[in-house]
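Read off the chains here:
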Amino acid sequence: MRAPRWSLLALACIVSGSVGLAQVGRGGTRWFAPLADAQRTSWVRVDDKISVAALSRPGFAEQWQARLGRAAGVSGGFGQGVTASGVTLFVPMSVVTGAGDRVYGLDNDNGFVVWERAIDLEEAATLPACAGAVTAAATRIVPLDASATANPLARPAGPPGVGYRTQLGRPGEGAPVDVVRRQAQAAARPATPPGSAVAAGSPTAGTPSAGVPAASSAAASTPATTTDRPPGFIPGAPPPPSPPTGALARPSGVVYVIARDGRLRVLGLTSGKDLQRPARFLPRGARWTAPVAVDTTLYAATTGACGGTPDAVWAIDLDSDAKPVVSWPTNGGPVAGPVAVTSDGRLLVAVGAGTVNGDGKANAIVALDPKTLAVTDWFTRPDADFATGPSVFRQGDREIVAAATRDGRVVLLDAASLGGADHATSLATSIPLAGKGASVTRDAIALWQQDATTQILVPVSGPLATAVPRTNGLAARGSIVALAVRETSGTLALEPVWTSGPLTAPATPLIVNGVVFALGTGAPARADVAATGATLHAFDGITGKRLWSSGQTMSGRASTGSLWSGLGQVYVGTESGTLHVFGVDDERYAIPRRR
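Once a new chain begins, its residue numbering starts again from 1 and follows that chain's sequence as written. Local features in this predicted model are restricted to residues of pLDDT 70 or higher, and side-chain atom pairs are both shown and tallied only at a pLDDT of 80 or more, whereas totals for entire chains, interfaces and linings draw on every residue. As a rule here, side-chain values come from all non-hydrogen atoms in the structure, and water together with hydrogens is ignored.

Draft legend 1. The arrangement of the sheet that holds strand β24 (residues 453–461) in detail. Taking strand neighbours across the sheet as the criterion, the four strands line up as β23-β24-β25-β26 in an open arrangement whose pairing is antiparallel. Strands with a single pairing partner mark the edges of an open sheet, and in this sheet they are β23 (446–450) and β26 (491–499). On average, each strand axis in the sheet is inclined to that of its neighbour by 30°, with strand direction left out of account. When DSSP finds two or more bridges between a pair of strands, those strands are recorded as paired. In this text, helices come from DSSP runs of H or I with a minimum length of four residues, and strands from runs of E with a minimum of two, each type numbered from the N-terminal end. Fitting a line to C-alpha atoms yields each axis, with helices limited to the stretch in contact; the angle taken between N-to-C directions then spans 0 to 180 degrees.

So this is what it looks like as structure tokens:
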């Protein structure tokens, strides 16, 4: 019996080692937040499957598609997904928000629904009609240095992990009992430990100040923080085993989701279950832009005035049991797109045209303190009707902020001194990219860098201005314009270098390892024009040469903002509730391929 026993032990060791190597070695970089990173670049810096060379030869195609929500009778679009690989044995996952207040945990390899969660809303019947569904993607905590999209083995801020253990039960049986018990115990913990004191005058757990949020000029309480954190602390995650218990223990991980009732959910990656009690964050019925979590604070902006919600930026302290919330209202124009974060942690928010009250802001880029949301700097100019949120990049020894106006001008600012001494001086401004009747209708640009050259990609809906080159043909209904940032003796300039050609209602593009993916989201039928489905194109980011197109693969229109990448694949969600995934055939198909 000794020989068989040793054989079984050896086999177990081989399997365990193979599992670890397979999971850790699976190609591609992670996408931990909407628009990829805290700088809002939509740029995946490296990827071992997607490249200009790989897209120049056959083999890149739709890998699978999944119709989500069908069993529950739900149909509708999606937000961007976030990657959650390394959570379950064999299963690199994405977490995706969708219509019907649903969140899905998906197997990236074949679209299998690992878990599905319907968010329970507080007094759903009283929500304003304009609240719609979940209006933005989920997020995980992202580092300030954008390392998540530069390192194929990167994980979000938190414990480094010591290998993996499966959290999946047999089909139809749900999660293993010990996993459910552990998560239920975490969810049942009180928000404030018994006997602990809440500072006098501090807000109740997760509750914003009553009424309209306090302006930045008013004193704003700094969110409470916990100083005695274990190494690799993740707010809301169950504590890791101490010490780690063997090679197949799992790293802790959570994903943060905001629901229509304004409450923040902390969901376990392995099952989608609440790991903490929902915390009040945004006003009920608010419509919000793509959130981002940095260190122990999560940020989001509200816009559209649904239910009387002001245009404002909001921050919630994830580390505090009380979950205090602070906010900054624009008291002027609408928030344009998501907030971005500089390398020193300051928030940047773009504000469109509007009527200013008091010390409010309009036609502006505003810098906010990361804790109090007090205004620390700003740029404003009467003709700067910003349509997109800011994106941040480094040019030499300077950190630069870029944002686009409604007529397609891209404005560059010095992050260290927005607008200079008069708060009205930019480093550079491009020519208007939008032609007659056209505009920038998406809420974000994209940018990337190669060989010391920065390119900014702007989606324009409608015809381009006559001064913009037509690299890939005329584009009456929309196009992506690539602008190169040129520097001469410290002076910056923006030069259009290529365009995508025709795209119907272009989305904010994304860049993976030098390949630009541009999505035409499609259009509904009109009296004289047939409906068009979504089409995804790939371009050489330097030359603008078209490398690949999805053709007629997608018959429906794409959801607004539902384009992301992760683990060597590109994802597109449609308004009909179908998720299409494109990539290169690889070792995933050792098992039968599922379409």
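There's plenty left to go through after this.
Draft legend 2. Summary view of unusual backbone geometry. The backbone of Ala305 sits at a positive phi, close to 60°, despite the residue not being glycine. Relative to the elements of secondary structure, Ala305 occurs in the loop between β12 (297–302) and β13 (312–317). Partly exposed residues are those whose accessible area sits between 20% and 50% of the maximum for their type, while under 20% is buried and over 50% is exposed, using a 1.4 Å probe and protein chains only. Residue Ala305 is classed as partly exposed on the basis of its relative accessible area of 44%. Of note in the backbone geometry, Asn331 takes a positive phi value of approximately 50° without being a glycine. Structurally, Asn331 can be placed in the loop between β14 (325–329) and β15 (340–341). Here Asn331 falls in the partly exposed class, since its relative accessible area comes to 27%.

Draft legend 3. Representation of the sheet that holds strand β3 (residues 82–83) in the model. Overall, antiparallel pairing links the four strands, which are arranged β3-β4-β5-β6 in an open sheet. Every other strand in the sheet has two partners, leaving β3 and β6 (113–118) as the edge strands with one partner each. Strand direction decides the pairing type here: β3 and strand β4 (residues 93–98), joined by two bridges, are antiparallel. In the sheet register, Val82 faces β4, and the bridge partner there is Val95.

Draft legend 4. Structural view of the pattern of salt bridges. Throughout this description, the term salt bridge denotes a Lys or Arg side-chain nitrogen within 4 Å of a carboxyl oxygen of Asp or Glu. One pass over the full model with this rule turns up 17 salt bridges. Taking the shortest distance from any N to any O, the salt bridge between Asp383 and Arg381 comes out at 3.1 Å. Here Asp383 falls in the partly exposed class, since its relative accessible area comes to 40%. Beyond isolated ion pairs, a larger network of salt bridges with shared partners links Arg117, Asp120, Asp261, Arg263, Arg265 and Asp274.

Draft legend 5. Molecular detail of the side chain of Asp47. Mapped onto the fold, Asp47 is located in the loop between β1 (43–44) and α2 (52–55). As used throughout, the charge tally considers Lys and Arg to be positive and Asp and Glu to be negative, leaving His and the chain termini uncounted. Among buried charged residues, Asp47 stands out as having no salt bridge; its nearest opposite-charge side chain is Lys49, 7.1 Å away. Separated by 2.8 Å, the side chain of Asp47 and the backbone nitrogen of Lys49 make a polar contact. Here a polar contact is recorded for every N or O atom pair within 3.5 Å, except that within protein the pair must consist of a potential hydrogen donor and a potential acceptor, and residues adjacent in sequence are included only if both atoms are side-chain atoms.

Draft legend 6. Quick peek at the nonpolar core. By nonpolar core we mean a set of buried residues, namely Ala, Val, Leu, Ile, Met, Phe, Trp, Tyr and Cys, connected to one another through side-chain atoms within 4.5 Å. Counting 35 residues, the largest nonpolar core has Ile50, Leu55, Phe60, Phe517, Leu519, Leu536 and Val572 as its most contacted members. By definition, residues are in contact when any of their heavy atoms lie within 4.5 Å. When near neighbours in sequence (up to four residues on either side) are disregarded, Leu55 contacts Ile50, Phe60, Val515, Ala538, Leu547 and Trp548. Grouped together as the second largest cluster of nonpolar side chains are 25 residues, Ala434, Ile456, Leu464 and Val468 included.

Draft legend 7. View of the pairing of strand β20 (residues 398–404). Across the seven residues of β20, seven count as buried, placing the element largely inside the fold. Because side chains alternate across β20, one face comprises the buried residues Arg398, Ile400, Ala402 and Ala404, and the other comprises Glu399, Val401 and Ala403, equally buried. When strand β19 (residues 391–395) meets β20, the two strands line up antiparallel, connected through five bridges. Considered in β20, the bridge of Ser391 is made with Ala402. Remark: two residues form the turn of the hairpin made by β19 and β20, two consecutive strands paired antiparallel; Gly396 in that turn has positive phi of roughly 65°. Where β20 lies against strand β21 (residues 410–414), five bridges are found, and the strand directions are antiparallel. For Ile400, the partnering residue across the bridge sits in β21 and is Asp414. A loop of five residues connects β20 with β21, the two strands running antiparallel in sequence, and Gly408 in this loop sits at a positive phi of about 90°.

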